[in-house]
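Here is what each chain is made of, one letter per residue.
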Amino acid sequence: MNQGNILIVEDEEIIRASLKRLLERNDYKVSEAGSVHEAELSYTLKDFDLIISDLRLPGSPGTEMIHLAEGVPVLIMTSYASLNSAVSTMKMGAVDYIAKPFDHSEMLHRVAAIMVRKPAAPEPSVCDAQTGYNGILGHCDAMKLLFKRIQKVAPTDATVLIQGESGTGKELVARALHENSRRANGPMISVNCAAIPETLIESELFGHEKGSFTGATAARTGLIEAANAGTLFLDEIGELPLEAQARLLRVLQEGEIRKVGSVQSQKVDVRLIAATHRNLRQLSVSGDFREDLYYRLKVVELRIPALRERGNDVLMLAEKLLEKICNKMELEVYSYSPEAMAAICQHQWPGNVRELEHAIERAVILCDDDIITPETLDLDVHVKSTLFRTDAGRNHVVETQDGLSLEDYFQRFVLEHQDQMTETDLAQKLGISRKTLWERRQRLGIPRKKASA
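Residues numbered from 1 in each chain as written. Predicted model: local features only at pLDDT ≥ 70, side-chain atom pairs only at ≥ 80, totals over all residues. Heavy atoms only, no water.

**Some details on the overall build of the protein chain**
Scanning the protein chain for helices and strands turns up 19 helices and 20 strands. Counting across all 453 residues of the protein chain, residues that qualify as buried make up 49%. Element-wise, carbon and sulfur atoms account for 48% of the exposed surface of the protein chain, whose accessible area totals about 21900 Å². (Helix = DSSP H or I, 4+ residues; strand = E, 2+ residues; numbered from the N terminus. Buried < 20%, exposed > 50% of the residue type's maximum accessible area, 1.4 Å probe, protein only. Areas by Shrake-Rupley, 256 points an atom, 1.4 Å probe, with all protein chains shown as cover.)

**Here's the deal with the environment of glutamate 319**
On the secondary structure map, glutamate 319 appears in helix 13 (residues 313-328). For glutamate 319 and valine 333, which are 14 residues apart along the polypeptide, the C-alpha to C-alpha distance reads 9.7 Å. Glutamate 319 has contacts with Tyr336, Ile432, Ser433 and Thr436, leaving out every residue within four places of it along the chain. (Contact = heavy atoms within 4.5 Å.)

**A closer look at the packing of aromatic side chains**
If you walk through the whole model with that rule in mind, you get two aromatic pairs. For the pair tyrosine 43 and phenylalanine 48, a centre-to-centre distance of 5.6 Å together with 80° between the ring planes defines the contact as edge-to-face. Given a relative accessible area of 26%, tyrosine 43 falls into the partly exposed group. What makes phenylalanine 48 buried here is its relative accessible area of 8%. Between tyrosine 294 and tyrosine 295 the ring centres are 5.0 Å apart and the planes differ by 55°, which places this aromatic pair in the tilted class. Under the relative-accessibility criterion, tyrosine 294 is labelled buried at 3%. (Phe/Tyr/Trp six-rings, centres within 6.5 Å; stacked < 30°, edge-to-face > 60°.)

**A few points about helix 19 (residues 434-444)**
Burial analysis of helix 19 places eight of its 11 residues in the buried class, which makes it a mostly covered element. For helix 19, the full list of buried residues reads Arg434, Lys435, Thr436, Leu437, Trp438, Glu439, Arg440 and Arg441. Directly beyond the C-terminal end of helix 19, a positive phi value near 70° is found at glycine 445.

**Quick notes on the nonpolar core**
Judged by nonpolar contacts, the single largest core of 38 residues is most densely connected at Tyr336, Ile344, Leu356, Ile360, Ile372 and Leu377. When residues of this core are traced back to their parent elements, those giving at least two are helix 13, helix 14 (338-346), helix 15 (352-366), helix 17 (406-417) and helix 18 (423-430). Counting residues per element, this core draws most heavily on helix 13, which supplies nine residues. If we skip the residues at most four places from it in the chain, leucine 377 touches Ala340, Ile344, Ala359, Ile360, Arg362, Ala363 and Ile372. (Core = buried A, V, L, I, M, F, W, Y, C linked by side-chain atoms within 4.5 Å.)

**Topic: the state of the cysteines**
Inspection of the entire model under this criterion finds zero disulfides. Of the cysteine sulfurs around cysteine 367, a residue in no disulfide, the closest is that of cysteine 326, at 7.9 Å. The exposure class assigned to cysteine 367 is buried, which follows from its relative accessible area of 9%. (Disulfide = S-S within 2.5 Å.)

**Focus on a nonpolar patch on the surface**
A surface patch of nonpolar side chains, about 340 Å² in accessible area, is lined by Met329, Leu331, Ile365 and Leu366. Position of isoleucine 365 relative to the elements: it lies in helix 15. (Patch = residues over 30% accessible without salt bridge, like charges linked within 9 Å, V, L, I, M, F, W, Y side chains within 5 Å. Salt bridge = Lys/Arg side-chain N within 4 Å of Asp/Glu carboxyl O.)

**Details of the confidence of the model for the protein chain**
When the pLDDT values of the protein chain are averaged, the result is 82; 85% of them are 70 or greater. Below a pLDDT of 50 lies the segment residues 383-404, which in the model reaches 52 contacts outside its immediate sequence neighbourhood of four places, other chains included. (pLDDT = per-residue confidence, 0-100.)

**Topic: the side chain of glutamate 423**
Residue placement: glutamate 423 occurs in helix 18. Of note is the side chain of glutamate 423, whose polar atom sits 2.8 Å from the side chain of arginine 441. Look past the residues within four positions of glutamate 423 in its chain and what remains in contact with it is Asp103, Glu106, Arg434, Leu437, Arg441 and Arg448. (Polar contact = N/O pair within 3.5 Å; in protein donor to acceptor, adjacent residues only side chain to side chain.)

**As for the packing of helix 6 (residues 141-153) against helix 7 (residues 170-179)**
Interaxial distance between helix 6 and helix 7 falls to 9 Å at its minimum, and their mutual angle equals 40°. As helix 6 packs across helix 7, the resulting crossing turns out to be right-handed. Together, Leu146, Ile150 and Val153 of helix 6 and Val173, Ala176 and Leu177 of helix 7 make up the contact between the two elements. In the contact of helix 6 with helix 7, the residues fall into six nonpolar, no polar and no charged. (Axes fitted to C-alpha atoms, helices over the stretch in contact; angles between N-to-C directions. Left-handed = near helix turned anticlockwise from the far one by under 90°. Nonpolar A, V, L, I, M, F, W, Y, C, P; charged D, E, K, R; others polar.)

**Describing the environment of serine 79**
In this structure, serine 79 sits in strand 4 (residues 74-79). Distance in space between the C-alpha atoms of serine 79 and isoleucine 98 is 8.5 Å, their sequence separation being 19 residues.

**A look at the environment of methionine 421**
If you trace the backbone, methionine 421 turns up in the loop between helix 17 and helix 18. According to the relative accessible area criterion, methionine 421 is buried, its value standing at 17%. C-alpha separation for the pair methionine 421 and glutamate 106, spaced 315 residues apart in sequence, amounts to 9.9 Å. Those residues in contact with methionine 421 that sit more than four places away from it in its chain are Leu426 and Lys429.

**With respect to the sheet that holds strand 9 (residues 188-192)**
In a beta sheet, neighbouring strands are held together by backbone hydrogen bonds and run either parallel or antiparallel to one another. The five strands lie next to each other as 9-12-15-8-16, forming an open sheet whose pairing is parallel. Pairing within the sheet leaves two strands with one partner each, and these edge strands are strand 9 and strand 16 (300-303). Each strand of the sheet is rotated relative to its neighbour by a mean of 20°, with strand direction disregarded. For strand 8 (residues 160-163) and strand 15 (residues 271-276), the ladder comprises four bridges, and the chain directions are parallel. Bridge pairing in strand 15 links leucine 161 to alanine 274. Where helix 6 meets the sheet, it contacts strand 8, strand 15 and strand 16, and its direction lies at approximately 150° from that of strand 16. (Pairing = 2+ DSSP bridges.)

**Structural notes on the sheet that holds strand 4**
Read across the open sheet, the five strands follow the order 2-1-3-4-5; overall the sheet is parallel. Across the chains shown, the open sheet's two edge strands, defined by having one partner strand only, are strand 2 (29-33) and strand 5 (96-100). Along the sheet, successive strands turn relative to each other by an average axial angle of 20°, direction set aside. Relative to strand 2, strand 1 (residues 5-9) runs parallel, the two sharing five bridges. The residue bridging valine 9 from the neighbouring strand is alanine 33, located in strand 2. Packed onto the sheet, helix 1 (residues 13-25) meets strand 1, strand 2, strand 3 (50-54), strand 4 and strand 5 and runs at close to 170° relative to strand 2.

What follows is the structure, encoded as structure tokens:
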């Protein structure tokens, strides 16, 4: 049974032949080429389900296949020395990359995952370990539950209340809801209620007629009307004045607005998503927030966990953010020292993901080499002697019990488990990226297990 058509673009004949045999033994139909030019001349690239290309090729680099393939997924192979370059290929549109020499089982796993993902690739609601959900990253149980609920509520027109501390990504969740709704082709208007002066909030939201108040020299369309046929996102809705709350309640109940200074109402078709870091129930009890509006808003309530509640997600996010920041600054991707990873895990992150990103950006700017340390992160924590290990199948940071340093523990863990685990599994259990795993192997002189044929 043919599982799919694959093109291998690799100039080293031994690697090309070995990979072809591996794939053909697993029921893939395989074609081959020694360069981008040969592939372009010999084949109609859009006929393939997947292209596996080496990064460094004679003539044009393997990344050229991304542009030539016209939507066919491209998996880039690269040597360890070029691993940082491979990260950049992901930004150029490669579906994935794999380091050489690779385990046969790892290659088959990557190929199978791409083949399964391919039919659903255009759908923005796909959730996987690399891209998360609509760019919201998270592996912990609380985030998986959040993704599941977003998937369920997004296609509906239900009003949603997003609860979460400052910096947790409330607007990202709102955008995911919009982009996976039937309103995705309509506008999404975002309003920070705390950023608009109380005297102007009603005019901003509902619009006004000419001459309705001092300074109203012309009629103005409000933000709710601008969101017609789309989504209105009201961030920090707990800061909305009571009078504006009453007018917003009418929008939800009647589906219509009345501009400031107007006696006529007009219909609007808007889905409302609200967000706050405050306790609206408590505010409604104290009379600072309308109770009827509160219940109208929380048809569906989504809670975003604080970063300190997300376990080893903080390490994964730190790796992804470091990669993103280095690429933005056009730098080779830096790495964290073990002490920096421990500091990241121990810090409480009151500013959540936003604070984490700012700390990493500052560290990249200030560090003298390509290793991020606790000092450059400027974290006010006492770094304990910690290690990364698996306990009952869950990754987390625990204090050292036997006096091992992080690197001693790393070396012992890798040597004890690499016969049974792939590089991807090893990195996941250690709570680090595959790139960091490779770098530590090189630094500590731990050879990688040879893959069996």
